[in-house]
Amino acid sequence: MSYTYTDPSGLSRYGWTGALDQTFTEHYEAGLVPARISRVDRGLCTAITTSGPMRATFAAPHRPDPLLTPCTGDWAALRPGAEPHLVALLPRHSAIVRSSASRSSREQVLAANVDMVVIALSLATPLDAAKLERLLALAWESGAQPLIVLTKADLAHDPEAVHAEAEALAPGVDILVTSVATGHNIDVLAAMMHGTTVLLGPSGAGKSTLGNMLLGEELLATGTVREQDGKGRHTTVRRELLPLPGGGVLIDTPGLRGISLHDAADGLEQVFAEIEELAAYCRFGDCSHDTEPGCAVQAAIQAGELPERRLRSYHKLQRENAWAASRTDARLREERVNRQKAITGHLRATYRFRDQQP
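All figures in this text were calculated on a predicted structure; none of them were measured in a lab.

Rules of the game
- Within each chain, residue numbers correspond to sequence positions counted from 1 in written order.
- Local features in a predicted model are, by the rule used here, given only for residues with pLDDT of at least 70; side-chain atom pairs are given and counted only at 80 or more, and totals for whole chains, interfaces and linings are based on all residues.
- Computation of side-chain values: all heavy atoms of the structure, hydrogens and water removed.
- Counting from the N terminus, the helices are DSSP H or I runs at least four residues long and the strands are E runs at least two residues long.
- Expected helix span is computed as 1.5 Å times (number of residues minus one).
- Exposed residues in this analysis have more than 50% of their type's maximum accessible area, buried residues have under 20%, and partly exposed residues fall in between, with area computed by a 1.4 Å probe over protein chains only.
- Definition of a polar contact: a pair of N or O atoms within 3.5 Å, with one able to donate and the other able to accept a hydrogen when the atoms are protein atoms, and with sequence-neighbouring residues admitted only if both atoms are side-chain atoms.
- Each salt bridge in this description consists of a side-chain nitrogen of Lys or Arg and a carboxyl oxygen of Asp or Glu lying within 4 Å of one another.
- One bridge is not enough; two strands pair if DSSP finds at least two bridges between them.
- Contacts between residues were defined by any pair of non-hydrogen atoms, one from each residue, lying within 4.5 Å.
- What we call a nonpolar core is a set of buried Ala, Val, Leu, Ile, Met, Phe, Trp, Tyr and Cys residues that are connected through their side-chain atoms within 4.5 Å.

## Quick word on helix α3 (residues 129–142)
With 14 residues, α3 extends 20 Å between its outermost C-alpha atoms, agreeing within 8% with the 20 Å of an ideal straight helix rising 1.5 Å per residue. Burial of α3 is extensive: eleven of the 14 residues sit out of reach of the surface. Turning to α3, its buried residues number three or more, namely Ala129, Leu132, Glu133, Arg134, Leu135, Leu136, Ala137, Leu138, Ala139, Trp140 and Ser142. Regarding α3, its N-cap is Asp128, as a side-chain oxygen of that residue lies 3.2 Å from the backbone nitrogen of Ala130 further along. Downstream of α3 by a residue or two, Gly143 has a phi angle that is positive, lying close to 95 degrees.

Now the structure itself:
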């Protein structure tokens, strides 16, 4: 018998699909209901269900792992009742993951099940090439489609020049110049967004102001920026998912001051696609693009076809990504050793107790 999906609950507004509904069969049989997490704070989450939003608890893993704990954008199986509780998370089709702000080996999931990443950068301040490259690596690695939105065009001296600069740093990525103050290209941006869109960018980029314009009402807190450097305070303090009037949902995030990569090798290949293409013509397959003879990357730099700063940034982010991966491997090894030690200690205590019995 063919499967026919209907959505009388209205969850499709938040991204629920027939494919998701089919995978939920066993959860339905267990008396659970589908829910999308719109916000997480202090061990609780706000979950959108067939009965509307509700506050729910969730059990943290024995050793907390950010990759296994709920985050904004997750789909979950929820047990309703007097004390709603999340029982399980559905598999994510994408996730924006960075290393924690402390630069430890711990991961931080910023948002899950994202279709588009809008990277918001202010035209009121000089373009930070290194920060844009990091944000793009984060976006590409997530599995979502990045879109660069240059905000505050009304305050820009030469928006076309910044657009060209960003274009050189972001091969294959659409770039849109906008202004909330004048409404410039806001309708174009709204038409380009689809599915679940997350707003990323530094404080002061105008993400929340842009989000409010797209949402059609003042739902996100906004603030002012310092005139001397164009930086803003964190007016958004947590990630929150909200439905858009034209369909789809929007996730606003706090401004990112530190953007540490985690396991982003594929994302780096996308960001530095021109270097990856040149590397295929190097004489040696393991060329480090430094002093080796026959290096096509160095030849492009000497010919003025590739900025040297671009290669330095590529090497820096590769080293950082490799360091993060090695730290994660070391942490996982340590956790395995600690688990084995705990098991061994428990067994020894059991044997001692047994041997002491008459």
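## Focus on the pattern of salt bridges
The full count for this structure, using the stated rule, is seven salt bridges. We note a salt bridge from Asp74 to Arg92, for which the minimum N-O separation is 2.7 Å. With a gap of 18 residues between them, Asp74 in the loop between β3 (52–58) and β4 (75–79) and Arg92 in the loop between β5 (85–89) and β6 (95–99) connect regions that are remote in the sequence. Judged by its relative accessible area of 0%, Asp74 is buried.

## Brief notes about the pairing of β5
Looking along a regular strand, one sees the side chains alternate between the two faces of the sheet. Across two bridges, β3 lies against β5 in parallel orientation. When the sheet's bridge partners are listed, Thr57 is paired in β5 with His85. With four bridges connecting them, β4 and β5 associate as antiparallel partners. Residue pairing in the sheet places Arg79 in a bridge with His85 of β5. The hairpin formed by β4 and β5 contains five residues between the paired strands, and Gly81 there has a positive phi angle of roughly 140 degrees.

## Side note on helix α6 (residues 207–215)
Three- or four-residue spacings in an α-helix give side chains the same orientation, since the helix completes a turn every 3.6 residues. Across the nine residues of α6, seven count as buried, placing the element largely inside the fold. What α6 keeps buried is the set Lys207, Ser208, Leu210, Gly211, Asn212, Leu214 and Leu215. Contact partners of the buried residues in α6: β8 (116–122), β9 (145–151), α5 (186–192), β11 (196–200), β12 (240–243) and β13 (249–252). Following α6 by one or two positions, Gly216 adopts a phi angle in the positive range, close to 85 degrees.

## Focus: unusual backbone geometry
Even without being a glycine, Asn113 presents a positive backbone phi close to 55 degrees. Mapped onto the secondary structure, Asn113 falls in the loop between β7 (107–112) and β8.

## Here we look at the nonpolar core
If you look at the biggest cluster of nonpolar residues, it comprises 61 residues, and the most contacted ones within it are Val117, Leu132 and Leu136. Here this core takes eight residues from α3, the largest share from any one element. When residues no more than four places from it in sequence are discounted, the contact partners of Leu136 are Ile119, Pro146, Ile148, Leu169, Ala170, Val173 and Val271.

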